[in-house]
Amino acid sequence: MEYEWKPDEQGLQQILQLLKESQSPDTTTQRAVQQKLEQLNQYPDFNNYLIFVLTKLKSEDYSCYVSAYILSLNVVFTPLREQKNEPTRSLSGLILKNNVKAHFHSFPNGVTDFIKSECLNNIGDSSPLIRATVGILITTIASKGELQNWPELLPKLCSLLDSEDYNTCEGAFGALQKICEDSAEILDSDVLDRPLNIMIPKFLQFFKHSSPKIRSHAVACVNQFIISRTQALMLHIDSFIENLFALAGDEEPEVRKNVCRALVMLLEVRMDRLLPHMISIVEYMLQRTQDQDENVALEACEFWLTLAEQPICKDVLCRHLTKLIPVLVNGMKYSEIDIILLKGDVEEDEAIPDSEQDIRPRFHRSRTVAQQHEEDGIEDDDNDDYDLDDDDDDTISDWNLRKCSAAALDVLANVFRDELLPHILPLLKELLFHPEWVVKESGILVLGAIAEGCMQGMIPYLPELIPHLIQCLSNKKALVRSITCWTLSRYAHWVVSQPPDIYLKPLMTELLKRILDSNKRVQEAACSAFATLEEEACTELVPYLAYILDTLVFAFSKYQHKNLLILYDAIGTLADSVGHHLNKPEYIQMLMPPLIQKWNMLKDEDKDLFPLLECLSSVATALQSGFLPYCEPVYQRCVNLVQKTLAQAMLYNAQPDQCEAPDKDFMIVALDLLSGLAEGLGGNIEQLVARSNILTLMYQCMQDKMPEVRQSSFALLGDLTKACFQHVKPCIADFMPILGTNLNPEFISVCNNATWAIGEISIQMGIEMQPYIPMVLHQLVEIINRPNTPKTLLENTAITIGRLGYVCPQEVAPMLQQFIRPWCTSLRNIRDNEEKDSAFRGICTMISVNPSGVVQDFIFFCDAVASWISPKDDLRDMFCKILHGFKNQVGDENWRRFSDQFPFPLKERLAAYYGV
């Protein structure tokens, strides 16, 4: 039976009045409307009114529904024309969509059926806005898991595609495109009996439709199924590609954009099918990257980024570089609209406060404990160096043709290396000295983009280019100054390798001036560039510390909100880079008062605390005892932040409807700062720990659902174990089982920090570690033998196994054979240090307990021993004993045969250092 429903006239009037009010710009009215809508949701047929307004309230049928008060309503909508109702009708549909999202499963059956049938009957409304709204509504219902409960939806929409009426065909296609976007996975599963087998061939027929809008929908629908390699599409892949080629020159930009998008995705998943046509595809993409329509050009430009990741990139592109490079370089110029949006003509804006929406949320990177390698510093997994957001603003959509062209040039420079330079250098000459600032600016960006890939080939030109760039830092255009900061930071590594007076000193001097620039974007770019320079230069900066601190501290009084956050980062990086050299009374006197002043101004719930806490963590680690006068209030506040967050989390878990979920970042950053304090202050933190409940709080944090919280709490546990074990020891029986359950490499960083903490605890516990070995040893041996375990985790696991074996050799040595080979290979690359020392003592002790455990892999042990530069005397004696013992055991002849397999440097080293 068809569900019959008629609106009540008064009810309809009330809802129309409400919809009218909700279009008011006044926030008080808006709020009142929101409350009213919430109340109306109590009435089951409220949603019927909404679908009624959306689908039936056309001006011509108006009179038959509303007679009694047509006049009163005429006041609301004068004159009564189709366009006038459209916004109201669409709004009604969007409110209904929100209700579907929130309460669909509690709609009465009749209401649900009425809404579904009305949607399908009105998908071809004559107004594009209403068609789109109905489409959104259909998709929202479908994505509520309703595709199974609405079996007629897809067949009905597909049959409407064949309608003679353009509006119906377009409306149905619009809805299908949204469903393909939102529900691609379920469409390709057995749940619905694989509708794509019918849908995809159907979509392909419409690639040749006379309406550009329909062609565009058709390509967009099929595009949803490329990346997932959907079977139904793969069956028709050749006809799909053929149809795409036929649309290559389409006059509609939206169609060209979708064609480019399809080719970019096919490059990733069906390279085999594109290869035969590669030359013509590259030529096509070259054309499209210069398309009049920026959206098309941007989609096409993605092609070069994707191609660069494919092994065949070099072969495919080598003959096209002459054409491609100028196109990319040209795309790197600011467009006129960019300059307007970037306020490129506003030079001095330092006094204008930042608007809050310009400030991106910052994500705190939790502490991960890593080993020092032979190259200085720790390798970072994410090289976020290439981020043109240093010079482009958030007001433009984050990704545009300029950034995409620059990123493409960057990745191609990494593929072709110096072979790219003959194509780039002639262009650069022209750009860098160009009288127009926009052109010059793009040249400086090009120079920065090729820095990583073409470094070797650029070296001969740098003695001339770097001084030129340093000069550009005082260009009168702010956008030129800011990009120059970024480009110079990309060459910081080279600058630091030269005599400091020639390049480093002038660069640093000019960058520090730019940190105090009168333009906010330049301040930001200079601060970021300076942080990069700090990371490269490290202790080279020590002679200039007073001058650097002077500038950074002055910037505190000058910066608006957004740049203040970047300034904290520059100060924290400085502390990381120069370490204990910062611990001088005059430096502390300059740096600490402004930091503590900000610290006192910020409330506990202010997110600006994150970057400040991170900064203070680096400063505390660097200043060591110099931080003592400031540590008590800082320590106390961190403990409070952890306590507050845990309390709020408990409330939320108990009553999720009444309470807000806490922002656990506050707790994570506080734990990390406590780690910094423990590392910096060492034993001096003991009284603070004694007077607080931090260990109880840590016990809760170690069991938190959120991996980052556990990760930071294990880092703190390790640091407190080193600093004041007397307070940690009573809790070990509670902590160890938790550490054991977190040795799960699915969460790499959590596992890494838990492993490290176990190693630190074992050193302190000594033989008392015995009862805990069974909780952890098997997992550690499993981790060290897993393929593809990241380097840092392997090293920490090896060190912890070594340390456990050092304190409890009887318990660990029987498993020696199961881990000795990966143990040796993962520790041969790290620098001599305390941790490596204790681990090798452990392995030697275990070998003396279980010598047969090492026999099969003895060559690996020899190699690991040879990786030491200068072991302590007693450790060297342990090595000697084992090597000579083995040699005597097998006899001279066998030893000679065995050592003949050694690579020459290893043989030489063992003979020289250990006489074997």
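Preceding this section is the structure that the text describes.
Summary of the structure given here. No experiment lies behind these values; they were computed from the predicted model shown.

**A look at the overall build of the protein**
Then, number 1: If you tally the helices and strands in the protein, you get 52 helices and zero strands.
Then, number 2: With the C-alpha coordinates of the protein rotated into their principal frame, the extents come out at 105 × 65 × 65 Å.
Then, number 3: Counting the 916 residues in the protein, one finds 56% classified as buried.
Then, number 4: A fraction of 75% describes how many contacts in the protein between residues 6 or more apart in sequence connect residues 24 or more apart.
Then, number 5: A total accessible area of about 40,000 Å² is found for the protein, and carbon and sulfur atoms account for 52% of it.

**Focus: the packing of aromatic side chains**
Centre-to-centre distance and the angle between the planes together describe a pair of aromatic rings.
Then, number 1: Applying the stated rule across the entire model yields 24 aromatic pairs.
Then, number 2: Aromatic pair Phe627 and Tyr630: ring centres 6.1 Å apart, planes at 50 degrees, arrangement tilted.
Then, number 3: Given the relative accessible area of 0%, Phe627 is considered buried.
Then, number 4: Classification of Tyr630 by relative accessible area gives buried; the value is 17%.
Then, number 5: A ring pair is formed by Phe840 and Phe879, whose centres lie 5.9 Å apart and whose planes are at 80 degrees; its orientation type is edge-to-face.

**Focus on helix H47 (residues 816-827)**
Then, number 1: With 12 residues, H47 extends 15 Å between its outermost C-alpha atoms, agreeing within 8% with the 16 Å of an ideal straight helix rising 1.5 Å per residue.
Then, number 2: Among the residues of H47, those classed as buried are Leu816, Phe819, Ile820, Pro822, Trp823, Cys824, Ser826 and Leu827.
Then, number 3: Those residues of H47 hidden inside the fold are in contact with helix H44 (773-784), helix H45 (791-807), helix H46 (809-812), helix H48 (834-849) and helix H49 (858-866).

**Considering the packing of helix H32 (residues 545-558) against helix H34 (residues 585-601)**
Then, number 1: Two elements in contact, H32 and H34, have axes whose closest approach is 10 Å; the angle formed by their N-to-C orientations is 20 degrees. It follows that H32 is roughly parallel to H34 by the angle criterion. For the crossing formed where H32 meets H34, the hand is left-handed. Contact with H32, carried on its side by Leu545, Ala546, Leu549, Asp550, Val553 and Phe556, involves Tyr587, Met590, Leu591, Pro594, Leu595 and Lys598 of H34 and no other residues of that element.
Then, number 2: Looking at the contact of H32 with H34 residue by residue, the classes come out as 10 nonpolar, no polar and two charged.

**Let's talk about the pattern of salt bridges**
Then, number 1: This structure, assessed with the given rule, holds 43 salt bridges.
Then, number 2: For Lys513, the salt bridge identified is with Glu510, shortest N-O distance 2.8 Å. With Lys513 and Glu510 both in helix H30 (residues 504-515) and three residues apart, the pair spans about one turn of that helix.
Then, number 3: What emerges from the salt-bridge pattern is a single network uniting Glu893, Arg896, Arg897, Asp900 and Lys907.

**Quick notes on the packing of H32 against helix H33 (residues 561-578)**
Relative orientation and spacing of two packed helices are given, respectively, by the angle between their axes and the distance between those axes.
Then, number 1: H33 packs onto H32 with a crossing angle of 160 degrees between their chain directions and a minimal axis gap of 10 Å. One way to sum up the angle between H32 and H33 is to call them roughly antiparallel. Between H32 and H33 lies a crossing whose hand is left-handed. Two secondary-structure elements touch here, H32 through Leu545, Ile548, Leu549, Leu552, Ala555 and Phe556 and H33 through Leu564, Leu567, Tyr568, Ile571, Leu574 and Val578.
Then, number 2: Here the contact of H32 with H33 is built from residues that sort into 12 nonpolar, no polar and no charged.

**Re a negative patch on the surface**
Then, number 1: Side chains of Glu535, Glu536, Asp569 and Asp576 sit close together on the surface and give a patch of like negative charge.
Then, number 2: Elements with a contribution of two residues or more to the negative patch: helix H31 (520-537) and H33.
Then, number 3: Here Glu535 falls in the exposed class, since its relative accessible area comes to 52%.

**Regarding the state of the cysteines**
Then, number 1: Evaluation of the coordinates by the stated rule reveals zero disulfides.
Then, number 2: With no disulfide of its own, Cys318 lies 9.4 Å from the sulfur of Cys313, the closest cysteine sulfur.

**Topic: unusual backbone geometry**
Then, number 1: A positive phi angle, near 45 degrees, is found at Cys538, a position not held by glycine.
Then, number 2: Mapping Cys538 onto the fold places it in the loop between H31 and H32.
Then, number 3: Given a relative accessible area of 31%, Cys538 falls into the partly exposed group.
Then, number 4: A positive phi angle, near 50 degrees, is found at Gln624, a position not held by glycine.
Then, number 5: Summarising the element assignment, Gln624 is placed in the loop between helix H35 (609-623) and helix H36 (628-654).
Then, number 6: Given a relative accessible area of 37%, Gln624 falls into the partly exposed group.

The rules behind the values
Residues numbered from 1 in each chain as written. Predicted model: local features only at pLDDT ≥ 70, side-chain atom pairs only at ≥ 80, totals over all residues. Heavy atoms only, no water. Helix = DSSP H or I, 4+ residues; strand = E, 2+ residues; numbered from the N terminus. Buried < 20%, exposed > 50% of the residue type's maximum accessible area, 1.4 Å probe, protein only. Contact = heavy atoms within 4.5 Å. Areas by Shrake-Rupley, 256 points an atom, 1.4 Å probe, with all protein chains shown as cover. Phe/Tyr/Trp six-rings, centres within 6.5 Å; stacked < 30°, edge-to-face > 60°. Expected span 1.5 Å × (residues − 1). Axes fitted to C-alpha atoms, helices over the stretch in contact; angles between N-to-C directions. Parallel < 35°, antiparallel > 145°, perpendicular 65-115°, else oblique. Left-handed = near helix turned anticlockwise from the far one by under 90°. Nonpolar A, V, L, I, M, F, W, Y, C, P; charged D, E, K, R; others polar. Salt bridge = Lys/Arg side-chain N within 4 Å of Asp/Glu carboxyl O. Patch = residues over 30% accessible without salt bridge, like charges linked within 9 Å, V, L, I, M, F, W, Y side chains within 5 Å. Lys, Arg positive; Asp, Glu negative; His and termini not counted. Charge placed at Lys NZ, Arg CZ, Asp CG, Glu CD. Disulfide = S-S within 2.5 Å.

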